[in-house]
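Letter by letter, the chains look like this.
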Amino acid sequence: MTREQYILATQQNSLPRTEHPPFYPVGIYGWRKRCLYFFVLLLLVTMIVNLAMTIWILKVMNFTVDGMGNLRVTKKGIRLEGISEFLLPLYVKEIHSRKDSPLVLQSDRNVTVNARNHMGQLTGQLTVGADAVEAQCKRFEVRASDSGRVLFSADEDEIVIGADRLKVTGTEGAVFGHSVETPHIRAEPSQDLKLESPTRSLVMEAPRGVQVNAAAGDLKATCRKELHLQSTEGEIFLDADTIRLGNLPVGSFSSSSSFSSSSSPSSSASRQTIYELCACPNGKLYLSPAGAGSTCQSSSNICLWS
């Protein structure tokens, strides 16, 4: 062996012998891999079911680009067609019906409409119930549809009726607990007008006069006790073709110069009796048979009897 071979052989023996490192596999194997595939498959099935349910809900609820079912979203607001039920309070600015159909609000108990101010305080309320319709507000008004004129208004101080005519059709008429101010009271054509106070007095007052006119009938004033006609500054004027005063007391008068005792009963019965209208100092009137002269002085004792 040459020197060079010896050196090479010794160098090869002196060099460290290299070994390959251990190999570790990278990934999921075994039962972990099977669980991962199972969860991925479950997620895929869930996504498919959710997608199918979403498509079914869109189909059933009739979702479109304009709205949902009978609910349509327009530029002016929301439009509902058909019957709609609200289980919770509804807050809206305006409610309109279609032009060819009415607006119906229906409830099993009552329908209440509330109005509130910017602070949330209740300013007005309208309740339609089974027994009554109640309105609670500061002022209640009913206006005409064409001109906007106030037909009826009510507040704490007064009630105003702005209609041209107020018609009461009840059999008992209208009952007023206090005074009534009106320029005209008129009954229906061919109907009677009756002003009555069953237990108290009836007073008609006007600063410029009270006029009672019966154009085609009689005017009767009946009372149980006394009927007073009084004028403080003017006069009482009775203008008629015939003025009759019934049930006046008749004074008695007898004179030999006026009637002859020899006249027959038949001639005295056929003679027309003439009376004079006499007045007592206290203002009472009575009738006295007229004789040759005035008999009021002779029969003035009737004023003492009365």
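What counts and what doesn't
- Residues numbered from 1 in each chain as written.
- Predicted model: local features only at pLDDT ≥ 70, side-chain atom pairs only at ≥ 80, totals over all residues.
- Heavy atoms only, no water.
- Helix = DSSP H or I, 4+ residues; strand = E, 2+ residues; numbered from the N terminus.
- Buried < 20%, exposed > 50% of the residue type's maximum accessible area, 1.4 Å probe, protein only.
- Contact = heavy atoms within 4.5 Å.
- Areas by Shrake-Rupley, 256 points an atom, 1.4 Å probe, with all protein chains shown as cover.
- Phe/Tyr/Trp six-rings, centres within 6.5 Å; stacked < 30°, edge-to-face > 60°.
- UniProt positions renumbered as here; feature names shortened; annotations may be inferred.
- Salt bridge = Lys/Arg side-chain N within 4 Å of Asp/Glu carboxyl O.
- Polar contact = N/O pair within 3.5 Å; in protein donor to acceptor, adjacent residues only side chain to side chain.
- Pairing = 2+ DSSP bridges.
- Axes fitted to C-alpha atoms, helices over the stretch in contact; angles between N-to-C directions.
- 1 Å grid on protein atoms, 1.4 Å probe; cavity = no way out; pocket = protein on both sides within 12 Å on 5 of 7 lines; lining within 4 Å.
- Points joined across faces, edges and corners; volume = space filled by probe spheres on them.

**Looking at the overall build of the protein chain**
Helix and strand counts for the protein chain stand at four helices and 11 strands. Out of the 306 residues in the protein chain, the part that is buried amounts to 5%. When contacts within the protein chain are restricted to residue pairs at least 6 apart in sequence, those whose partners lie at least 24 apart make up 13%. Here the protein chain has roughly 30000 Å² of accessible surface; of this, 54% comes from carbon and sulfur atoms.

**What about the packing of aromatic side chains?**
A ring pair, where both rings are aromatic, is described by two values, the distance of the centres and the angle of the planes. A full pass over the atoms with the stated rule returns two aromatic pairs. With centroids separated by 5.9 Å and ring planes inclined at 65°, the aromatic side chains of Phe-38 and Phe-39 adopt a geometry described as edge-to-face. Of the two residues examined, Phe-38 and Phe-39, each falls in the exposed class. Aromatic pair Phe-140 and Phe-152: ring centres 6.4 Å apart, planes at 70°, arrangement edge-to-face. In this pair, Phe-140 sits in strand E7 (residues 140-143) while Phe-152 sits in strand E8 (residues 150-154), placing the two residues 12 residues apart along the sequence. Residue Phe-140 is classed as partly exposed on the basis of its relative accessible area, which comes to 36%. Judged by its relative accessible area of 29%, Phe-152 is partly exposed.

**Observations concerning the UniProt feature "transmembrane region" (unreviewed entry) in the protein chain**
UniProt records the feature "transmembrane region" (unreviewed entry) for residues 36-58 in the present numbering. What you have in residues 36-58 is 100% helix and 0% strand, and the ends, taken at the C-alpha atoms, are 33 Å apart.

**Some words on the environment of Asp-157**
Mapped onto the elements, Asp-157 comes out in the loop between E8 and strand E9 (159-161). A relative accessible area of 74% means that Asp-157 is categorised as exposed. A sequence separation of 18 residues divides Asp-157 from Arg-139, and the C-alpha atoms of the two residues are 9.9 Å apart.

**What to know about the pattern of salt bridges**
If you walk through the whole model with that rule in mind, you get four salt bridges. A salt bridge links Asp-164 to Arg-149, with the shortest nitrogen-to-oxygen separation between them at 3.9 Å. Here Asp-164 is found in the loop between E9 and helix H3 (265-270), whereas its partner Arg-149 is found in the loop between E7 and E8, with 15 residues between them in sequence. Overall, Asp-164 belongs to the exposed group, its relative accessible area being 75%. In this structure, a network of salt bridges that share partners links the residues Arg-139, Glu-141, Arg-143 and Asp-155.

**Description of the side chain of Ser-153**
Here Ser-153 is to be found in strand E8. Within the structure, the side chain of Ser-153 is placed 3.2 Å from the side chain of Arg-139, a separation counted as a polar contact. Beyond its immediate sequence surroundings of up to four residues, Ser-153 is in contact with Arg-139, Phe-140, Glu-141, Glu-158, Ile-159 and Val-160.

**Observations regarding the sheet that holds strand E4 (residues 111-116)**
Taken in spatial order, the three strands make up an open sheet running E4-E5-E6, and their pairing is antiparallel. The open sheet has two edge strands with one neighbour each: E4 and strand E6 (133-136). Across the sheet, the mean angle separating the axes of adjacent strands is 10° when strand polarity is ignored. By the bridge criterion, six bridges tie E4 to strand E5 (residues 122-128) in an arrangement that is antiparallel.

**Points about the layout of surface pockets**
Size it by volume and the second largest pocket reaches roughly 2300 Å³. Forming the boundary of the second largest pocket are 40 residues, of which Phe-86, Leu-90, Ile-95, Leu-103 and Leu-105 lie nearest the centre. Listing elements by their share of the lining of the second largest pocket, those giving two or more residues are strand E3 (78-80) and E4. Considering each element in turn, the lining of the second largest pocket owes the most residues, six residues, to E4.

**Looking at the sheet that holds E7**
Judged by pairing direction, the sheet is antiparallel, and its three strands sit side by side in the order E7-E8-E9 without closing on themselves. One side of each edge strand has no neighbouring strand; the edge strands of this open sheet are E7 and E9. The average angle at which neighbouring strand axes cross in this sheet is 10°, direction not considered. In this structure, E7 lies alongside E8, joined through four bridges in antiparallel fashion. Across the sheet, residue Phe-140 finds its bridge partner in E8, namely Ala-154.

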